[in-house]
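Fold and contact review
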Amino acid sequence: RMQRASRLKRELQMLSTEPPPGITCWQNDEQIDDLRAQIVGGSGTPYEGGLFSLEIKVPERYPFEPPNIRFLTPIYHPNIDNSGRIYLLKLKIPSLNISTVLTSIQLLMAEPNPDDPLMADIVPEFKYNKHVFLEKARKVTQEHAVQKTSVSQQICERFIVMIMLIF
């Protein structure tokens, strides 16, 4: 238990000092095993301009058991279902740290894997009718992930909160 807590503290420290580009992660309500993350939609993808929130539940046996991660922000994607569950084999590998897992999810957003879908009905669109898929994904992003305030303003606000917590 102490091993998990110290590893998570280290990982969160790294995520706050050297976050992967477009990714932030923090503890939710001082709970070490309940984290939140945000991923900025990649440029040139239908998720561009969106800020996607994720919930990360860290199991007792972490790092020997991988964290459970799901999208809280609706997203139109063949590998992510309506409850925000993500199908990515990499997420099943225990030894990965949270930063690597979030980076893998960010990559999956940019490059969906139609051969391993959670949302089988989106696959034909993605494979054979790409413009329809892109249109729907952009629409869902605009409706649910585009903030009324800018992403940089939100990151600024989160940064200010983090500094206040430190001091």
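Each remark here, short or long, concerns the structure printed above.
Let me sum up the structure you'll find in this document. Just so we're clear, the structure is a prediction, and the values are computed from it rather than from any experiment.

Rules behind the numbers
Residues numbered from 1 in each chain as written. Predicted model: local features only at pLDDT ≥ 70, side-chain atom pairs only at ≥ 80, totals over all residues. Heavy atoms only, no water. Phe/Tyr/Trp six-rings, centres within 6.5 Å; stacked < 30°, edge-to-face > 60°. Buried < 20%, exposed > 50% of the residue type's maximum accessible area, 1.4 Å probe, protein only. Helix = DSSP H or I, 4+ residues; strand = E, 2+ residues; numbered from the N terminus. Lys NZ or Arg CZ within 6 Å of the ring centre and 35° of its normal. Core = buried A, V, L, I, M, F, W, Y, C linked by side-chain atoms within 4.5 Å. Contact = heavy atoms within 4.5 Å. Salt bridge = Lys/Arg side-chain N within 4 Å of Asp/Glu carboxyl O. Pairing = 2+ DSSP bridges.

This next bit is on the packing of aromatic side chains. Summed over the entire model, instances satisfying the criterion amount to four aromatic pairs. Measuring from centroid to centroid gives 5.9 Å for Y47 and F52, while their planes differ by 85°, and the two rings are edge-to-face. When its relative accessible area of 0% is taken as the criterion, F52 is described as buried. Ring centres of Y76 and F133 lie 5.8 Å apart, and the angle between their planes is 35°; this geometry places the pair in the tilted category. Note that Y76 is positioned in the loop between β4 (68–71) and α2 (98–110) and F133 in helix α4 (residues 130–144), a separation of 57 residues in sequence. Judged by its relative accessible area of 2%, F133 falls in the buried class. Put simply, the rings of Y47, F52 and F71 touch in pairs and so form one group of aromatic residues. Its end group placed over the ring of F126, K130 keeps NZ or CZ at 4.3 Å from the ring centre.

This part is about the nonpolar core. Counting 35 residues, the largest nonpolar core has C25, I56, F71, I86, I98 and I105 as its most contacted members. Looking at this core, the elements with two or more residues in it are α1 (2–17), β1 (23–28), β2 (31–40), β3 (51–57), β4, α2 and α4. A per-element tally of this core places α2 first, with six residues. Aside from chain neighbours lying at most four places away, what touches I98 is L8, E11, L15, C25, L35, I56, V58, Y62 and P67.

The next thing to look at is the pattern of salt bridges. Using the criterion set out here, one finds eleven salt bridges in the structure. The shortest N-O distance in the salt bridge between R36 and D34 comes to 2.7 Å. Residue class for R36 comes out buried when judged on its relative accessible area of 16%. E125 is paired through a salt bridge with K136; the nearest N and O atoms lie 2.7 Å apart. Residue E125 is located in helix α3 (residues 123–128), and its partner K136 is located in helix α4; the two are separated by eleven residues in the primary sequence. Exposure remark for E125: the relative accessible area of 14% places this residue in the buried category. Since its relative accessible area comes to 36%, K136 is described here as partly exposed. When salt bridges that share partners are traced, they join D34, R36, E55, K57 and R70 into one network.

Turning to the pairing of β1, a few remarks are in order. With five of its six residues buried, β1 lies for the most part within the structure. Across six bridges, β1 lies against β2 in antiparallel orientation. Within β2, the position partnered with W26 by the bridge is R36. In this structure, the hairpin formed by β1 and β2 is closed by a connection of two residues, where D29 is found at a positive phi of approximately 50°.

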